[in-house]
Amino acid sequence: MAADAIVIGAGIVGAACADELARCGLKVLIVEAGEIGGGATAAGMGHIVVMDDSEAEFALTHYSARLWEELADELPSGAEYTAAGTLWVAADDEEMAEVRRKHSFYAQRGVRTEILDAQDLEQAEPNLRKGLAGALFVPADAIVYPPRVAAFLVECACRNGARLERGRRIHNMAELANATALIVNATGASAPALSPGLDIQPRKGHLLITDRYPGFVRHQLVELGYLKSAHSIDEDSVAFNVQPRQTGQVLIGSSRQYGSSDPAIEHRMMKRMLERAALYMPSIGRLSAIRGWTGFRASTPGKLPYIGRSPRQPNVWIASGHEGLGITTSLATAKLLADQILNRQPAIPLEPYAPNG
Amino acid sequence: MPQTADVRINGKEFTVAEGTSVAAAVLNAGYSMRTSIHGEPRAALCGMGICYECRVTIDGCQHRKSCQVLCATGMEIETT
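Only a predicted model underlies this, so the values are computations on that prediction, with no experimental measurement involved. (Residues numbered from 1 in each chain as written. Chains lettered and ligands numbered in written order. Predicted model: local features only at pLDDT ≥ 70, side-chain atom pairs only at ≥ 80, totals over all residues.)

A closer look at the overall build of chain B
The number of helices and strands found in chain B is 1 helix and 7 strands. Put simply, chain B runs from its N terminus to its C terminus through helices and strands in the order β-β-α-β-β-β-β-β. Against the 2.2 N^0.38 benchmark of 12 Å for 80 residues, chain B shows a C-alpha radius of gyration of 12 Å, consistent with a compact globule. With the C-alpha coordinates aligned to their principal axes, the bounding extent of chain B is approximately 40 × 25 × 20 Å. When the 80 residues of chain B are sorted by exposure, 26% land in the buried category. Put simply, of all contacts in chain B between residues at least 6 apart along the chain, 36% involve residues at least 24 apart. (Helix = DSSP H or I, 4+ residues; strand = E, 2+ residues; numbered from the N terminus. Rg over C-alpha atoms; globule rule 2.2 N^0.38 Å. Buried ≥ 20, exposed ≤ 12 C-beta atoms within 10 Å, placed from the backbone. Contact = placed C-beta atoms within 7 Å.)

Structure representation (structure tokens):
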């Protein structure tokens, strides 16, 4: 079978692209060097979150979050889809002002959110420390187990005629000597190796998961200070970001580092991350951790993923650079990529995601 | 130095010799330690802190490895 499209990388983005293209009738070949969803997809938290850092980021995450809601009923139970909602936690009055700003931003764009005061927050999350100012509750945000979703999307693609070639690593696009097939580079932080010039940097993160403590945390909790720390480009940073898993486990994040390509756990970062978590949830220190790990986000200078035709490589399309939002934005990425390949009208403007370099 | 420790296991009082591990106290009292996620009773297997099968709640703190904790007077131990 000669493929119409070759998708390199079966992380959640590649899997979603393969599913969408196969659904549209293209003959798809998926090439994955390791495990399906075994890279950043497995390392991340699986938080489906609508973001508001920029209009383009909002448009992409909001579009994608609605696609997740549509997909939710079809997902296998192992995908652990849970509409837990996000609580953006405000520590002080300054951050409460940010809560109100976010509330009106979302309200103007049709996203329902609620402002929680200190007392509401205490009731919603009794293990948070007392004295926090409040929070913004985004009820439609959700949680999934991303590797299972990636596998599900690959299964869907294969039901529509896609073929999976696992264990094959492409080192150079020239290895895919198929003059007619289009190629989708969905290799995340590795994308520049196959598409030289693409501006993507790995941004290392640490996570830790605990034993089962059902009810200890009820929503995805993210400190609003996250907005400050996640955007500082030069310094290593940590933020309070914890998530309840369906198993009752608590997933604890997060950290961000540039300039490290070593996947080893750095105890200095893990310590900072856990100290930050304990600052918001003092009793978190009494939980037993069972595993810690690291992963590499694929970050771009513009904080937006690349979704579109490569400016340098004919027949190559880029779907990489999703940083910490790849789970959220995977489904919309697949739609927007297929829209361009098939000349369909996209649901949102494409320009902000044009590949750079 | 006291020669014994008085603990409560699932609400009942037990007196054990000083130096008794919580695992030994729980087993002597006739309880298993925890219930697996599939509903099976579990108890200490390795006895040296590796297998995690002996986890109990001690003084409100869940998932303590009972083979690695010595009984102390006043301790509240709960199995599941």
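Details of the overall build of chain A
From N to C terminus, chain A includes 10 helices and 16 strands. For 357 residues, the compact-globule estimate of 2.2 N^0.38 gives 21 Å, and the C-alpha radius of gyration of chain A, at 20 Å, lies within 12% of that figure. With the C-alpha coordinates aligned to their principal axes, the bounding extent of chain A is approximately 65 × 45 × 40 Å. Evaluated residue by residue, chain A yields a buried proportion of 51% over its 357 residues.

Observations regarding unusual backbone geometry
Omega for the peptide link from G253 of chain A to S254 of chain A comes to -5°, which places this bond in the cis form. For S254 of chain A, the position within the fold is in strand 13 (residues 249-258). Non-glycine residue N315 of chain A carries a positive phi angle of around 70°. With respect to the element layout, N315 of chain A can be found in the loop between strand 15 (306-309) and strand 16 (316-320). The backbone of H63 of chain B shows a phi angle near 60°, a positive value even though the residue is not glycine. Here H63 of chain B lies in strand 6 (residues 61-65). Residue class for H63 of chain B comes out partly exposed when judged on the 18 C-beta atoms lying within 10 Å of it.

Observations concerning the domain arrangement of chain A
All names here are of chain A. Under the domain assignment, chain A is made up of domain 1 (5-74 + 144-200 + 302-353) and domain 2 (84-140 + 201-299). A straight line from the C-alpha centre of domain 1 to that of domain 2 covers 26 Å. If you look at the interface, domain 1 gives 20 residues, while domain 2 gives 23 residues. For the side of domain 1 that touches domain 2, the leading source of residues is helix 3 (residues 55-71), giving 3 residues. (Domains from an automatic or database assignment.)

Brief notes about the pairing of strand 6 (residues 134-138) of chain A
Residue and element names in this part refer to chain A. Taken across its 5 residues, strand 6 has 5 buried, putting it largely inside the fold. Side chains of strand 6 alternate between two faces, with G134, L136 and V138 and A135 and F137 buried alike. As defined by bridge partners, strand 4 (residues 86-90) adjoins strand 6 across 5 bridges and the pair is classed as antiparallel. Across the sheet, L87 pairs through a bridge with F137, a residue of strand 6. (Pairing = 2+ DSSP bridges.)

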